[in-house]
Amino acid sequence: MKKLKFLAFILCVVMMPMLTACNDNDEPTPSFLIFATYSEATSAGSVFTAQRNLDSPLVTYTTSVVLDGEHYKVGNRYIINFTNDTNRCYESGPINLLYIVDVCNGDITEASREEIAKVSTDPLEFLMIQREGHYINVQAVAYVHTQPALFNMYVDRETVNNEIPDVYFGFKSDVLSSQKQLFGSFDIASVWDLPTCKGICIHYGANNENKTLTFSKEQ
């Protein structure tokens, strides 16, 4: 069994859909970089699960890598970089885990608009927002030193029972330092699974503008 050292790359890794490595024959071997859930720790290694996007089937990855329990928590979301024998990313089976990256984790929280405004004081610019099942995966840039003091998703309490609740990001920096990349994966199940919910409307900032993105259950 292999062990993998903890890599705290939360603010410096560059998110790419695919990287490329080479084998001994100099033939291209795809290396995949995706958000995934660390779903199980076993005596034989580790298990991760992921979805391509939206409501695509769940994919299960197994690896002989044993993760350090002090740094890696079952149930948390991470970015994993791996290769496999099939050279296909979203296919269940064994993988060769190259590295694992910590990201901001959180559960959507109900709050008033006033409370949300108080935790949304620092600049945050989004580059990517993706729904993967009941998770919202994000890539953003922000002025931080090490890691944010707060980064989470909030649902407006007055809209939580609407067909399309309004959802916002709360963000506070540790120290307004240099601009760095930031990754997060947030569990929206408590809102998404409500019988009244037909989707969510995410409010976010990009290109110095306030924008919205709606994810519908009919997508």
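Residues numbered from 1 in each chain as written. Predicted model: local features only at pLDDT ≥ 70, side-chain atom pairs only at ≥ 80, totals over all residues. Heavy atoms only, no water.

(A) Geometry of the nonpolar core. Counting residues in hydrophobic clusters, the biggest one holds 28 residues, and the most contacted among them are F151, F169, I200 and I202. Going through the elements one at a time, β12 (124-132), β13 (135-143), β14 (150-156), β15 (166-172), β16 (179-187), α2 (189-192) and β17 (199-206) are the ones with two or more residues in this core. With sequence-adjacent residues up to four places away left out, I202 is seen in contact with I129, I136, M153, V167, F169, K211, T212, L213 and F215. Of all hydrophobic cores here, the second largest spans 18 residues; its members include A50, V59, I80 and C89. (Core = buried A, V, L, I, M, F, W, Y, C linked by side-chain atoms within 4.5 Å. Buried < 20%, exposed > 50% of the residue type's maximum accessible area, 1.4 Å probe, protein only. Helix = DSSP H or I, 4+ residues; strand = E, 2+ residues; numbered from the N terminus. Contact = heavy atoms within 4.5 Å.)

(B) Up close: the environment of Q147. By secondary structure assignment, the location of Q147 is in the loop between β13 and β14. You can call Q147 partly exposed: its relative accessible area is 46%. It is 9.7 Å that separates the C-alpha atoms of Q147 and K180, two residues lying 33 residues apart in sequence.

(C) Representation of the pattern of salt bridges within the structure. All told, the structure shown has six salt bridges when counted by the stated rule. The shortest N-O distance in the salt bridge between R131 and D55 comes to 2.9 Å. Note that R131 is positioned in strand β12 and D55 in the loop between β4 (45-50) and β5 (59-63), a separation of 76 residues in sequence. Residue K198 is joined to E163 by a salt bridge in which the shortest nitrogen-to-oxygen separation is 3.4 Å. Of this pair, K198 sits in the loop between α2 and β17 while E163 sits in the loop between β14 and β15; the two residues are 35 residues apart in sequence, bridging distant segments of the chain. Taking the relative accessible area as the measure of exposure, K198 reaches 45% and is therefore partly exposed. (Salt bridge = Lys/Arg side-chain N within 4 Å of Asp/Glu carboxyl O.)

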